[in-house]
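# Structural description and commentary
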Amino acid sequence: MTDATTRTRRAGRLSEVRFIMLLLLPGTALLLGVVMFPLLRSLASAFFTESLLFAGTTWAGFDNIVAVLQDGFDRLLWQTLIFTVGATIMPFLIGLALALVLNERFRGQRILRGAFLIPWLVPGVVVSFLWMWIFDANYGVLNGLLMQLGMIDSPVAWLFQTDTARGALIIAKTWNSFPWVMVMLLAALQTVPRELHEAAAMDGAGSIRRFFSVTWPHISGVAGLVILLEFIWNFQHFDTIFVMTGGGPAGTTQTFATEVYDTAFKGYDLGHAGALGLLWMVLLLVLVVIYVRFSERGEKK
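It should be emphasised that the depicted structure is a prediction, and the values quoted were computed from it without experimental measurement. (Residues numbered from 1 in each chain as written. Predicted model: local features only at pLDDT ≥ 70, side-chain atom pairs only at ≥ 80, totals over all residues. Heavy atoms only, no water.)

### A short note on the side chain of H272
Considering the arrangement of structural elements, one finds H272 in helix 13 (residues 270-300). In contact with H272, other than residues within four places in its own chain, are N64, A67, V68, D71 and T263. (Helix = DSSP H or I, 4+ residues; strand = E, 2+ residues; numbered from the N terminus. Contact = heavy atoms within 4.5 Å.)

### Re the packing of helix 3 (residues 73-102) against helix 8 (residues 165-189)
Two numbers describe how helix 3 lies on helix 8: the axes approach to 6 Å, and their chain directions differ by 40°. Classified by the interaxial angle, the pair formed by helix 3 and helix 8 is oblique. The two elements helix 3 and helix 8 meet at a crossing, and its hand is right-handed. Of the residues assigned to the contact of helix 3 with helix 8, the class counts are 20 nonpolar, 5 polar and 2 charged. (Axes fitted to C-alpha atoms, helices over the stretch in contact; angles between N-to-C directions. Parallel < 35°, antiparallel > 145°, perpendicular 65-115°, else oblique. Left-handed = near helix turned anticlockwise from the far one by under 90°. Nonpolar A, V, L, I, M, F, W, Y, C, P; charged D, E, K, R; others polar.)

### Some thoughts on the packing of aromatic side chains
Throughout the structure, instances matching the rule amount to 17 aromatic pairs. Centre to centre, the rings of F238 and F242 are 4.9 Å apart; their planes meet at 20°, and the pair counts as stacked. Judged by relative accessible area, F238 falls into the partly exposed class, the value being 28%. F242 sits in the partly exposed class, given a relative accessible area of 32%. (Phe/Tyr/Trp six-rings, centres within 6.5 Å; stacked < 30°, edge-to-face > 60°. Buried < 20%, exposed > 50% of the residue type's maximum accessible area, 1.4 Å probe, protein only.)

In structure tokens form, the structure reads like this:
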């Protein structure tokens, strides 16, 4: 091989590298400009005294973070976890039940599969307004139905009572997200060999025994990832809570997402909001690490 041929090939490789870099440049610039810069700018505000009402910033060190930790952070974390756990478990149970039913062969199976996807296709804000109408105290469908059945004597303000508002939010979020869980679990169920079920049935195993002995071991990996992803998404969920209750009544449905918004754009305190966002991001990173580790373990299996 001559030196000229070697130089030509090296030049070809360099040109390919430059071409790849040119392809990556627009996406990288967009990521840095739209995502990374605002994120880093917001996190940096945690260490400054900064307000939307006044110009200028003052170095505050860790004062904002300490103030956030001392100002009801444990209550906010608890409320966020309650919503996150409820909005994760309920869609999973409903999605799993529907996936098991739709995995069987019966007439109209494909139509039902498509129909159950409709709640997932509706935008979150539209879902929020829909369920606001259902739970409305004056003309809500739920109150009308319960009064017709004689279960309540007078309308209930579901979204304005501390003991029902959080449950209403979880129900609305469940209705919006269970189809995704159903689709993922249904795809996993399609990989379970029917021969194993037939063999277990011949051995006298009932449907419950077959589920735990045959079905669950095959879909547990996918189920674990679905639960983790739902937990991460619900931990940072915003639109349903913001539209339906705005964090009320009396702050009982306030989560990290709505608290950061209220602190920054209603309280005009960017430093406090940045500190809260920084702590929130640390908790999210822990969840992401767990998800990555779980995914790696599933790939090794």
